[in-house]
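If you want the building blocks of each chain, they are given just below.
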Amino acid sequence: MYVEALELSRYRNYEKLSIELTPNLNIFVGNNAQGKTNLMESVYLLATGRSHRTFRDGELINWDREKAQVKARIKSSMGRFTMRVILSRNNRKRFWIGGEELNRQSDLMGYVNVILFSPDDLQLVKGSPSLRRHFIDLCLAQVSRVYRHDLVNYTKVLQQRNNLLKELLGQKPQSELLSVWNEQLIELGSRVMYRRAVAIEIMARFASVSHSQISGGDEVLTMRYQPFYNTGLHNKSISMEEIAQEFNEALEKNKKQELRRGTTVVGPQRDDILFEIGGKNARQFASQGQQRTIVLATKLAELEFMQEEVGEYPILLLDDVLSELDLSRRTAFLETIGNKVQTLLTTTDRGHFSPGDCLDIREYTIHDGQLTLGE
Ligand SMILES: Nc1ncnc2c1ncn2[C@@H]1O[C@H](COP(=O)(O)OP(=O)(O)OP(=O)(O)O)[C@@H](O)[C@H]1O
Ligand SMILES: [Mg+2]
């Protein structure tokens, strides 16, 4: 799938923009504060319904305006269609596929898939577990409607259970009330966890291959799912039954603590992903360059995983991340994505890229929210 054309109106620092993209490599060159990230963000918004930088949609509308629009013509196995998002200061945001308006933001996902890699993603290795959960959730939400629904419903049940626990605080414990919620919590939670486990197992294989390609083969990356109940190392595949059983036992074991603290202390909201380089925990030991390579390998693994699930590659958004790789890693990376993935790449320095002849390249210069084709 790819974006054939993109139009922005009154979006951030873009008053009016209309560009065509190549299905291969699109390079956007510009100095700081010219609109490179804003452009990446607009494509991310079309795919996921929200910005990767803010929850406040009002920030996406140009300061002097009331409304903004992002529109794109997409080509995918579903055919050719347009997607449109309208943001306004006083109303909720609205989404269209072709002429048809969508009822819910979550219905937007799956029409066009993206993988974004920005400098913030370097936190994936050393940052909090919530970042790693967000990574796997966004990936699975894009490829699976069932996962989307399970995750939303799990979160609702968790919220309701937490409300009840809060109400019970300071009262005589009545844990029977809780068991009403436990069944649903375990059922939905186990489905979410099982899907994560399977996906990470598949991605781990791709990640280790990409990682050795990018790093020249001297380092071995392992990536592993760490379900909330298991803090030790875990190599074998897990089953849905095992997860449900562990979840049930963990709830039993922590009943007293939950009633004392007034919140649910176990569940997939406590899951994590473990990265290791040569058997050493990357969260503790990886250098800056190693973290960068791990994240890159992980994003490439996500790319292959999504391709297997959906039958086509998602769109790759690389916001200012390649220039800090050394030349050989950068070239290896661009060779790996080759002609198969539509890539939108931003950089402050065009001199950093020599992606070979195989790629169809389109290059834009960004200056103050205006794009010009060519250098
Ligand atoms: N709602 C808005 N209305 C108008 N301008 C905005 C709005 N939001 C952000 N901007 C401006 O857009 C400009 C470009 O931002 P952007 O983050 O895209 O820069 P960039 O090209 O990615 O820069 P860098 O290389 O530093 O990452 C900034 O100067 C910012 O002040
Ligand atoms: Mg930027």
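An account of the accompanying structure is given in this report. (Residues numbered from 1 in each chain as written. Chains lettered and ligands numbered in written order. Predicted model: local features only at pLDDT ≥ 70, side-chain atom pairs only at ≥ 80, totals over all residues.)

**Topic: the site of ligand 1**
Applied cut-off: We call a residue near a molecule or strand when its C-beta atom, built from the backbone, sits within 6 Å of it. Three residue categories are used. Nonpolar comprises Ala, Val, Leu, Ile, Met, Phe, Trp, Tyr, Cys and Pro, charged comprises Asp, Glu, Lys and Arg, and polar comprises the others, including Gly.
With respect to spatial proximity, 16 residues lie near ligand 1, and among them N13, N32, K36, T37 and N38 are the closest. Across the shell around ligand 1, the residue classes tally to three nonpolar, nine polar and four charged.

**Examining the nonpolar core**
The line we're drawing: Among buried residues, those of type Ala, Val, Leu, Ile, Met, Phe, Trp, Tyr and Cys that are joined through C-beta atoms within 7 Å form a set called a nonpolar core. Using C-beta atoms placed from the backbone, we call a residue buried if 20 or more other C-beta atoms fall within 10 Å of its own, exposed if 12 or fewer do, and partly exposed for counts in between. Secondary structure follows DSSP: runs of H or I at least 4 residues long count as helices, runs of E at least 2 residues long count as strands, and numbering of each begins at the N terminus. The domain boundaries here were taken from an automatic or database domain assignment. Any two residues are considered in contact once their C-beta atoms, placed from the backbone, lie within 7 Å.
Counting 97 residues, the largest nonpolar core has V43, L46, V114, I200, M203, I315 and L317 as its most contacted members. By residue number, the principal contributor to this core is helix α5 (residues 175–215), which donates 14 residues. No fewer than three residues from each of domain 1 (1–113 + 315–375) and domain 2 (120–313) sit in this core. Once residues lying within four places of it in the same chain are set aside, the contact partners of I315 are M1, Y2, V3, V43, V112, N113, V114, Q342 and L344.

**What to know about the sheet that holds strand β9 (residues 221–226)**
In plain terms, the rule: Here, a strand pair is defined by DSSP locating no fewer than two bridges between the strands.
Spatial ordering of the open sheet is given by β9-β10-β11, a layout of three strands whose pairing is antiparallel. Each edge of the sheet is formed by a strand with only one pairing partner; in this case those strands are β9 and β11 (280–281). Inspection of the sheet shows strand β10 (residues 272–277) paired to β11 by two bridges, in the antiparallel sense. Pairing of I277 across the sheet is with K280, part of β11.

**Considerations on helix α4 (residues 145–168)**
The condition is simple: Helix span is expected to be 1.5 Å times the residue number reduced by one.
Relative to the 34 Å expected for 24 residues at 1.5 Å per residue, α4 spans 35 Å between its end C-alpha atoms, a close match to the ideal helical length. Within α4 the residues assigned to the buried category are Y147, D150, L151, Y154, V157, L158, R161 and L165. The first or second residue beyond α4 is G170, which carries a positive phi of 80°.

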